[in-house]
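Per-entry structural report
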Number of protein chains: 2
Amino acid sequence: MDTTEKKRELKPVVSMRLFTEQKCFGPGIAELLRRVDEHHSLRAAAQSMGMAYSKAWTITKNAEAGLGVKLLLSSTGGKNGGGAALTDEARRFLSGYDNCCRRLKSFAAELVAEEFTFYQGPEETE
Amino acid sequence: MDTTEKKRELKPVVSMRLFTEQKCFGPGIAELLRRVDEHHSLRAAAQSMGMAYSKAWTITKNAEAGLGVKLLLSSTGGKNGGGAALTDEARRFLSGYDNCCRRLKSFAAELVAEEFTFYQGPEETE
């Protein structure tokens, strides 16, 4: 047996969605909020992730309705032609969500190491 | 304030996918394997979850290739017109996966209770 060949490793990828009565927060809105914070505009944020503006708008409105809190502050017109900023509540959600994801990721790695001890990589077919 | 009104609760739903060099195990193949075990046929399993047989076949082959292990034993012909059964390895994967998901779910509930203490439900708009 060639011991220099690397054993195939199982790497977990975990995703979390939050629900109230309806789905309201997940990877999509989290990424969108991060990009609004960077681009100061919902349109530019959507564009930067290849998402239609109308979809970004719907995702935001659904998240706000599901949580019952305002996530974006919009200004229209003005010298920058309008823009968007995160509310304090949006920052708290994003930060809580990111913390959960980070801790879940680390826990998932421990779990997989524990639960798949039997897995030694591909079966020998020779 | 009407204290009989229920505070909106955040409920997490977590999903885990496993990767080697490629995606190889997740909720789709797990559900498919459970149903093969129930229906003793990949075609019947796929049908029971509204999935095209060709898709079920591809998902299975991709998972087997990614993990480097055989998941399904197929028999063709015979008095039952062929069928499928889980390999021991498939049972071990399914069981490890289900354990991980159960433990992640319970951890996610703890995390959300910890990380979203600021969330008291919808803002008062009155």
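Residues numbered from 1 in each chain as written. Chains lettered and ligands numbered in written order. Predicted model: local features only at pLDDT ≥ 70, side-chain atom pairs only at ≥ 80, totals over all residues. Heavy atoms only, no water.

**Let's talk about the side chain of B:Thr20**
Under the convention used in this document: Only runs of H or I of at least four residues qualify as helices and only runs of E of at least two qualify as strands under DSSP, and these elements are numbered from the N terminus. Two residues qualify as a contact provided that any one of their heavy atoms is within 4.5 Å of a heavy atom in the partner residue.
Summarising the element assignment, B:Thr20 is placed in the loop between strand 1 (11-19) and strand 2 (23-25). If we skip the residues at most four places from it in the chain, B:Thr20 touches A:Arg8, A:Glu9, A:Leu10, A:Lys11, A:Tyr119 and B:Gly66.

**Regarding the interface of chain B and chain A**
Selection criterion: Summed over both partners, the accessible surface that disappears when two parts come together, traced with a 1.4 Å probe, is what is meant by buried area. By definition, a salt bridge exists where a carboxyl oxygen of Asp or Glu is found within 4 Å of a side-chain nitrogen of Lys or Arg.
Facing the 42 residues of chain B at the interface are 42 residues of chain A. Counting the surface lost from both chain B and chain A, the interface buries some 3600 Å², and carbon and sulfur atoms represent 62% of this. Summed over the three residues of chain B that lose the most area to chain A, namely B:Arg8, B:Arg103 and B:Phe118, the buried surface amounts to 16% of that side. Run the count over chain B and chain A and you get 4 salt bridges. In this structure, the salt-bridge partner of A:Glu115 is B:Arg103, at a minimum N-O distance of 2.9 Å.

**Focus: the relation of the copies chain B and chain A**
The cut-off we apply is this: The atoms used to superpose the copies are C-alpha atoms, taken from residues with pLDDT of at least 70 in both, and the fit is least squares.
In screw terms, the move from chain B to chain A is a rotation of 180° and a rise of 0.0 Å along the axis, fitting with an RMSD of 0.0 Å. On this basis, the relationship between the two copies can be described by a two-fold rotation axis. In terms of proximity to the rotation axis, the leading residue of chain B is B:Ser15, whose C-alpha is 2.7 Å off the axis. Most of the interface of chain B is mirrored in chain A, where 100% of its interface residues again form contacts.

**A closer look at the environment of A:Asp37**
All names here are of chain A. Locating Asp 37 in the fold gives a position in helix 1 (residues 27-39). Sequence spacing of Asp 37 and Thr 87 is 50 residues, and the spatial spacing of their C-alpha atoms is 10.0 Å. Sequence-distant contacts of Asp 37, defined by excluding residues within four places in its chain, comprise Leu 86 and Arg 91.

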